[in-house]
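Chain residues, written in single-letter form:
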Amino acid sequence: METPFPSFEPNGPNDEARGPRLRQIPLRLIVPNVITVLAICAGLSGIRLAFENRFELAVAMVLVAAFLDGIDGRVARLMKATSKFGAQMDSLADIVNFGVAPALVLYAFVLDQARSLGWIAALIYVIAAGLRLARFNVMAEREVKASWQSEYFVGVPAPAGAMLVLLPMYLGLLGLAPDRVVAFVSSGYTVLIAFLLVSRLPVWSGKSGNRVRRDLVLPIILFVVLYVATLMSFTWETMAITAVGYLISLPFGARKWQKKYGDWPLHPDHPVLVEDGLPEDKK
């Protein structure tokens, strides 16, 4: 009598198609993914804390999630543990930590007072963050890249967007009453940040391979120490100034791109295509 189910050999092709067993995965490959999972947990915990009206902790958890999400890739590269699975996990964590979590935390804090408009603004931001991350992944996979891609992002990166969109919360925690008027203004501001995420604006990435001059090393170290100290002592003031400073810097970064690479705003017919990351003659 034939069995209705096919038999599987322990190490046969059918078993291998299901992926490696947990005990077969090296520990160094697990560590970066554990950090990614912790980042997702932090982001989701921030949402829970926001709906419990524990807003300071909620923002802190979102920022912790962003920090963990930012270091998991570096840890993977240092441990030589990069993998396609880790890349997919990181993408899922990005949409949670830089899209869903900030939007829902902000909605619970102030956008809900704008009713449907506040919810629509939150939805627009989440969708924009997803589109921004998808575009980044597509551009990162291209084998041939334009020279400017080592220095500039296309649009505001998602981690910076999460930091920027929470500006109304920083101001609220400093004493600005989250009333109905503030809710409508915050809704418009949220849509603005969403637009910056999906825009073609060239944004300086800080990833240039240029070395720092020796005479600037100590001042930079002192500045970082000062920033961390003020962040720990005057958290919301520092975050608010950081967000406003970042917004102010965007036109200057775009102007520098224009001087170095040509016309701006970028146009689909420009010799350097942002979306394709390729010169026109190589398409």
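Residues numbered from 1 in each chain as written. Predicted model: local features only at pLDDT ≥ 70, side-chain atom pairs only at ≥ 80, totals over all residues. Heavy atoms only, no water.

At a closest axis distance of 10 Å, the pairing of helix H5 (residues 116-140) and helix H6 (residues 158-165) adopts a crossing angle of 160 degrees. Here H6 runs roughly antiparallel to H5, going by the angle between their axes. The element H5 and its partner H6 pack so that their crossing is right-handed. When H5 is examined against H6, the residues Tyr125, Arg132 and Leu133 are found in contact with a partner set consisting of Ala158, Gly161, Ala162 and Val165. Split into classes, the residues belonging to the contact of H5 with H6 amount to five nonpolar, one polar and one charged. (Axes fitted to C-alpha atoms, helices over the stretch in contact; angles between N-to-C directions. Helix = DSSP H or I, 4+ residues; strand = E, 2+ residues; numbered from the N terminus. Parallel < 35°, antiparallel > 145°, perpendicular 65-115°, else oblique. Left-handed = near helix turned anticlockwise from the far one by under 90°. Contact = heavy atoms within 4.5 Å. Nonpolar A, V, L, I, M, F, W, Y, C, P; charged D, E, K, R; others polar.)

Below, the discussion takes up the pattern of salt bridges. Inspection of the entire model under this criterion finds two salt bridges. Here glutamate 52 and arginine 48 are joined by a salt bridge, their closest N and O atoms 2.8 Å apart. With a shortest N-O distance of 3.0 Å, glutamate 52 and arginine 54 are connected by a salt bridge. Residue glutamate 52 is classed as partly exposed on the basis of its relative accessible area, which comes to 34%. (Salt bridge = Lys/Arg side-chain N within 4 Å of Asp/Glu carboxyl O. Buried < 20%, exposed > 50% of the residue type's maximum accessible area, 1.4 Å probe, protein only.)

This part is about the packing of aromatic side chains. Scanning the entire structure with this criterion turns up three aromatic pairs. Between phenylalanine 55 and phenylalanine 109, the aromatic rings sit 5.0 Å apart at their centres with planes inclined by 80 degrees, giving edge-to-face as the arrangement. With phenylalanine 55 in helix H3 (residues 55-78) and phenylalanine 109 in helix H4 (residues 84-109), this pair connects stretches of sequence that are 54 residues apart. What makes phenylalanine 55 buried here is its relative accessible area of 15%. The interplanar angle of 15 degrees and the centroid separation of 6.3 Å between the aromatic rings of tyrosine 170 and tryptophan 236 together place this pair among those described as stacked. Of the two residues, tyrosine 170 is situated in helix H7 (residues 167-173) and tryptophan 236 in helix H10 (residues 235-261); the sequence distance between them amounts to 66 residues. (Phe/Tyr/Trp six-rings, centres within 6.5 Å; stacked < 30°, edge-to-face > 60°.)

Another aspect to go through is a nonpolar patch on the surface. A cluster of nonpolar side chains, namely Leu216, Ile220, Phe223, Val224, Val228 and Met232, defines an oily patch on the protein surface of about 570 Å² accessible area. Structurally, leucine 216 can be placed in helix H9 (residues 214-233). (Patch = residues over 30% accessible without salt bridge, like charges linked within 9 Å, V, L, I, M, F, W, Y side chains within 5 Å. Areas by Shrake-Rupley, 256 points an atom, 1.4 Å probe, with all protein chains shown as cover.)

What follows concerns H5. Taking 1.5 Å per residue, 25 residues should reach 36 Å; H5 reaches 36 Å between its end C-alpha atoms and fits that length. Listed in full, the buried residues belonging to H5 are Gly118, Ala121, Ala122, Tyr125, Val126, Ala128, Ala129, Arg132, Leu133, Arg135 and Met139. (Expected span 1.5 Å × (residues − 1).)

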